[in-house]
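Coordinate inspection notes
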Amino acid sequence: MKKRIFSIAVAGLLTILMAFGVSAADPAYENDFSSGSIKVTEWKTLNLDPDSNGAWDIADVGGNKQLRGQIAKFNDSIIYYKTQKFKDVTVEADITLERGNAFGIIARMDAEAKGYQIIFDQFDGIKLCKRPYYMFKSGGMIDTGAQYHVVFSVIGSKVKAQITSKSTGETLTLDTEDNTYTEAGFVGFSVFGFDTDGRSNAVGLVDNVKIYEGEVTPATEAPTQAPTQDGGNQTETPATNPTQGQDPAPTDEDNNNPDSTQPASSNFTLSSKYTDAVVDNTAKTVTLTRQLNVSELRDTFEIPDGYTLQILDKSGNPVTDAQTIVTADMQLSFTKDGGAEQRYTLKLEGDSAQNPQDTGFPVWIIVVIVVVVLAGAGVGGFFLYRRKAAKKPQ
């Protein structure tokens, strides 16, 4: 009889735990940072740019101690839990992008900072990605200074993140399947510069970290459906928009759109944050004033809310290598659920846009002409001056 009562009690307890979405397994690691210090035996920092002055410490935020990351350059500063590697892992934490560009959680991270990541970007919203940067899906916009509860898991080939706004209770779920990284790796956090005022550090905060081996059922499941972007192809994932201070994006049947015949893309306007790129929204062209790689080009624009950018090669395929140099035969593709695709062609300004072997003019003739001119004019050399683009005022 006692054994039966004990079994019923255990079953009841498990039922309660499942109802609240809590795993019966204990975390392999947890930390609320109340000790006020980072243990060097547990954590290691990594600045992808050694000159970025990226730094991690424990900050007192309204009487609550939290792990804080800062960086003053256009790059990543990372801190990772170095004591143990995880293959199938669930990371639970409270995340705040206090200021700057982006803050994120990384799983299965290797020594070169490659792995899977959920990113909170104040310009692009919430993004499910892999490193080097490739975005699988994106969701609603975030508010800087707002705290979000994140459950981020990588189980086998399944990558999933559930994000809940601590202030509104709204929840977004992003998931995908990918087999790029199959080995065990570290769990880390990353802060990415720059700040919008062009002077101060980017700052991210993390609290109440729990790392589980294997899968942990999140506390809540997303109750409704909302569109997300999947590598440029529109898909649907159960989610609500966790944006603070505004309603989720209207659906096709939303009465906020008085003219159902008006294309969703009619008000699309692209703008550039820097003088590196000059946008002509009428002609749908972008003129680059200096040479950029794909990563730099992607981060140049103020992208309208809800849109996802892909950079396409001359065959129309997405360019996934962030270090690829942008050429004039590439195009920018902006997509959003319910709206037409927006395509912008690229133009390269100046002589550097031309490559002699691409013009059809023999390179050896160019060499001969240059030699003759140099010999006849007694010119000692040519000097090329490349002016770096300055950031636009905010």
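Everything discussed here concerns the structure shown above.
Quick summary incoming for the structure in this document. Keep in mind that what you see is a predicted model, and the values were worked out from it rather than measured.

1. Concerning the side chain of Asp49
Among the structural elements, Asp49 can be located in the loop between β2 (43–47) and β3 (55–61). By relative accessible area, which is 17% here, Asp49 ends up buried. In this view, Asp49 contacts Lys73, Asn75 and Asp76; residues no more than four positions away in its chain are not counted.

2. A few points about the pattern of salt bridges
One pass over the structure, following the stated rule, counts 11 salt bridges. As a salt-bridge pair, Asp121 and Lys127 come within 3.3 Å of each other at their nearest N and O atoms. You'll find Asp121 and Lys127 in the same group, each marked buried. Two residues, Lys127 and Asp124, come together in a salt bridge whose shortest N-O distance is 3.2 Å.

3. Description of unusual backbone geometry
Backbone geometry follows two general trends: most residues other than glycine have a negative phi, and most peptide bonds adopt the trans configuration. Cis geometry marks the peptide bond from Arg131 to Pro132, where omega comes out at 0 degrees. In this structure, Arg108 is a non-glycine residue whose phi angle is positive, near 50 degrees. When you line up the elements, Arg108 lands in strand β7 (residues 102–109). Positive phi values are uncommon outside glycine, yet Lys284 reaches one of about 55 degrees. Counting through the fold element by element, Lys284 comes out in the loop between β19 (277–280) and β20 (285–288).

4. Notes on the side chain of Thr90
Along the chain, Thr90 turns up in strand β6 (residues 89–99). A distance of 2.7 Å separates a polar atom in the side chain of Thr90 from the backbone oxygen of Gly214. Engagement of the side chain of Thr90 in a polar contact is seen with the backbone nitrogen of Val216, the distance being 3.3 Å. In this view, Thr90 contacts Val151, Phe152, Ser153, Ile155, Lys210, Ile211, Tyr212, Gly214, Glu215 and Val216; residues no more than four positions away in its chain are not counted.

5. What about the environment of Tyr80?
Inspection of the secondary structure puts Tyr80 in strand β5 (residues 76–86). Taking C-alpha positions, Tyr80 is 8.6 Å from Met109, a pair spaced 29 residues apart along the chain.

6. Points about the pairing of strand β9 (residues 125–131)
Most of β9 sits out of view: 7 of its 7 residues are buried. Note that strand β8 (residues 115–121) and β9 share 7 bridges and pair antiparallel. Looking across to β9, one finds that Gln117 is bridged to Cys129. With antiparallel pairing between neighbouring strands as the criterion, β8 and β9 make up a hairpin whose turn holds 3 residues. Pairing of β9 with strand β10 (residues 134–138), which is carried by 4 bridges, proceeds in the antiparallel orientation.

7. Considerations on the sheet that holds β19
Across the sheet, 5 strands lie side by side as β19-β20-β24-β23-β22; this open sheet has mixed pairing. Single-partner strands in this sheet number two, and they are β19 and β22 (308–312). Each strand of the sheet is rotated relative to its neighbour by a mean of 25 degrees, with strand direction disregarded. Across 5 bridges, β22 lies against strand β23 (residues 331–335) in antiparallel orientation. Paired with Gln310 across the bridge in β23 is Ser333.

8. Here's the deal with the nonpolar core
Counting residues in each nonpolar core, the largest one holds 43 residues, and the members touching the most others are Ile105, Ile118, Phe120, Phe152, Ile163 and Phe189. Broken down by element, the residue count for this core peaks at 5 residues, all from β6. Of all hydrophobic cores here, the second largest spans 20 residues; its members include Leu288, Tyr307, Phe334 and Leu346.

9. Examining the pairing of strand β14 (residues 185–192)
Of all 8 residues making up β14, 8 are buried, and the element is well covered by its neighbours. Sheet topology places β5 next to β14; 7 bridges connect them, and they run antiparallel. Its bridge partner lying in β14, Tyr81 is registered against Val187.

Parameters and conventions
Every chain's residues receive numbers from 1 upward, in the order its sequence appears when written. Side-chain atom pairs in this predicted model are given and counted only at pLDDT of 80 or more, local residue features only at pLDDT of at least 70, and totals for whole chains, interfaces and linings cover all residues. To obtain the side-chain values, all non-hydrogen atoms of the structure were used and water was disregarded. Secondary structure follows DSSP: runs of H or I at least 4 residues long count as helices, runs of E at least 2 residues long count as strands, and numbering of each begins at the N terminus. Residue burial is assigned from relative accessible area. The probe radius is 1.4 Å, only protein chains are included, and a residue is buried under 20% of its type maximum, exposed over 50%, and partly exposed in between. We call two residues contacting when some pair of their heavy atoms lies within 4.5 Å. Take a side-chain nitrogen of Lys or Arg and a carboxyl oxygen of Asp or Glu: if they are within 4 Å of each other, that pair is a salt bridge. The term polar contact refers here to a pair of N or O atoms within 3.5 Å; inside protein, the definition further demands a hydrogen-donor-capable atom paired with an acceptor-capable atom, and it admits residues adjacent in sequence only when both atoms are side-chain atoms. The criterion for strand pairing is that DSSP finds at least two bridges linking the strands in question. Axis lines are fitted through C-alpha atoms, for helices just across the contact stretch, and the angle between N-to-C directions can take any value from 0 to 180 degrees. Buried Ala, Val, Leu, Ile, Met, Phe, Trp, Tyr and Cys residues form a nonpolar core when they are joined through side-chain atoms within 4.5 Å.

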